[in-house]
Amino acid sequence: IEQRLALVQKARAKAEMQGARLVVATALTYEYRLLLALERFDDALATAQRAKEIFQASGDRDGIVLSLDGEAQVYLQRKDRAAVARALEQAMALTRDLDSVRSLAGFHNHLGEAYFTAGQLAAARKELEAAVALVAKHHPSHGELGQTLGMMALLAAYRGDLDEAERDLARATEQFRE
């Protein structure tokens, strides 16, 4: 992970030298993910916030949502549910009038996965259901919808609800066939 982080930082530095601010912001979104994986939460939060500032200056609402997703992942690791809720509320407000809610669906999906990993199964299910509802309603990408449904099936199986797991898995499989 350290090597990938160094490569992303090098690419970001080149983009900064060329004044390519949106490329910088995009690189920062990759950087905060790697920092999260390294459990460098303070650095990840600062990086996500820097990306958000750049996206805000350019008016890129999808980019802002991606950055809020990164902030929420840090808050979740810190067990600051109020901050997670604020970040989600901001993301939802930004996407209310966007044609694409893909970023918001990804936000819910990432929260669901993080809650699952933390053992917070009810919260995980709630976030994954929100992701499914958004993707299904707004021009579903079968792969995205299928992946989220597959995660829901895994969650149900983990909870011991094999009937629900089977239903979710059947829905996921159906998405990949279409």
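One numbering rule holds for all chains: residues counted from 1, following each sequence as written. Residue-level local features of this predicted model are given only where pLDDT is at least 70; pairs of side-chain atoms are given and counted only at 80 or more, and the full residue set underlies all totals for whole chains, interfaces and linings. Hydrogens and waters are ignored; side-chain quantities use all the structure's heavy atoms.

**Remarks on the side chain of R12**
Step number 1: Where helices and strands are cited, they refer to DSSP runs of H or I of at least four residues and of E of at least two residues respectively, numbered from the N terminus. Residue placement: R12 occurs in helix α1 (residues 2-18).
Step number 2: Accessible area is worked out with a 1.4 Å probe on protein chains only. A residue is then buried under 20% of its type maximum, exposed over 50%, and partly exposed in between. Given the relative accessible area of 13%, R12 is considered buried.
Step number 3: Distance and chemistry together define a polar contact, namely a pair of N or O atoms within 3.5 Å, with one atom able to donate a hydrogen and the other to accept it when in protein, and with adjacent residues in sequence counting only for side-chain atoms on both sides. A polar contact of 2.7 Å, which involves the side chain of R12, links it to the side chain of E31.
Step number 4: Here, residues are in contact when the closest pair of their heavy atoms is within 4.5 Å. Other than its neighbours up to four places away in sequence, R12 contacts V24, A27, L28, E31 and R50.

**Examining the environment of D69**
Step number 1: Note that D69 resides in helix α4 (residues 61-77).
Step number 2: Counting along the chain gives 41 residues from D69 to H110, while the straight-line C-alpha distance between them is 7.7 Å.
Step number 3: Once residues lying within four places of it in the same chain are set aside, the contact partners of D69 are Y32, G106, F107 and H110.
Step number 4: Polar side-chain contacts of D69 include one of 2.4 Å to the side chain of H110.

**Re helix α5 (residues 81-95)**
At 3.6 residues per turn, the α-helix brings residues three or four places apart onto the same side.
Step number 1: Here α5 contains 15 residues, and its C-alpha end-to-end distance of 21 Å stays within 8% of the 21 Å for a straight helix at 1.5 Å per residue.
Step number 2: Every buried residue of α5 is accounted for by A83, V84, A87, L88, A91 and T95. Take α5 and look down its axis: the buried residues cluster within an arc of 135 degrees, on one side only.
Step number 3: Looking at the buried side of α5, the elements it contacts are α4, α6 (102-117) and α7 (121-137). The span one expects for a helix is its residue count, reduced by one, times 1.5 Å. This arc corresponds to the set of directions leading from the helix axis out to the C-beta atoms.

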